[in-house]
Number of protein chains: 2
Amino acid sequence: MKYLATVEVTLRPSVLDPAGVAVAQGLTQMGYPVAAVRVGKLIRLEVDAQDEAAAQILVQQMGEQVLSNPVIENFRVALTPL
Amino acid sequence: MKYLATVEVTLRPSVLDPAGVAVAQGLTQMGYPVAAVRVGKLIRLEVDAQDEAAAQILVQQMGEQVLSNPVIENFRVALTPL
């Protein structure tokens, strides 16, 4: 079966996020009442697996090995059947 | 009131995504059964607004003016009260 996987990769809260700081400064200068801006990655992919549990394991492995840097990032996986 | 806004910024389907192609090639070479990899941005921020409707309008404006490039990207806003 094919599944659509959505992987949200975010910097760990303790890690400085220069892109987030830059966006926050820009928005604040434009008058927007924002704080605590964090910029992460959103990866969508189709994965082929026998069932949803197998797909979850595969995408979890991809997240650890390729899609995130576990030292500084967290990630979260969501699956929907295609 | 404060709201946590999550903005998903994705390339339009017709736009080539070199980062997605690179990730797909890497994952495929490692033996993962993946296809159609797309890499987008996930922006989280706190916004101050009178109510959820006002927060939605503010974040929609930020999305159009700053967070996305409307020529090549789509974006989607989700809000949760803090």
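Despite not being glycine, Ala36(A) shows a phi value in the positive range, around 55 degrees. Tracing the backbone through its elements, the reader meets Ala36(A) in strand β2 (residues 34-48).

Two elements, strand β1 (residues 2-11) of chain A and β2(A), share eight bridges in a ladder whose sense is antiparallel. Paired with Ala5(A) across the strands is Leu45(A), a residue of β2(A). Bridge count between β2(A) and strand β2 (residues 34-48) of chain B: eleven bridges; the pairing is antiparallel. Within β2(B), the position partnered with Glu46(A) by the bridge is Ala35(B).

Turning next to the interface of chain B and chain A. Listed by partner, the interface residues are 29 residues for chain B and 29 residues for chain A. Across the chain B to chain A interface the summed buried area is about 2,500 Å²; carbon plus sulfur atoms make up 64%. A per-residue breakdown of the area chain B buries against chain A is headed by Tyr32(B), Leu42(B) and Arg44(B), which together make up 23% of the total. Along the contact surface separating chain B from chain A lie two salt bridges.

Calculation criteria
Throughout this document, residue positions are counted from 1 along each chain, in the order its sequence is written. All chains are assigned letters beginning with A, and all ligands numbers beginning with 1, in the order in which they are written. With pLDDT at 70 or above as the cut-off, local features in this predicted model cover only qualifying residues; side-chain atom pairs require 80 or more to be listed or tallied, and sums for whole chains, interfaces and linings still use all residues. The basis for the side-chain values is all heavy atoms of the structure; hydrogens and waters are excluded. Think of it this way: any DSSP run of H or I at least four residues long counts as a helix, any run of E at least two long counts as a strand, and we number them from the N terminus. Strands are treated as partners if at least two bridges between them are detected by DSSP. Pairs of residues are marked as contacts when any of their non-hydrogen atoms sit within 4.5 Å. The term buried area denotes the loss of accessible surface (1.4 Å probe radius) that occurs when two parts are joined, taken as the sum for both partners. Any carboxyl oxygen of Asp or Glu that lies within 4 Å of a side-chain nitrogen of Lys or Arg is treated as forming a salt bridge with it.

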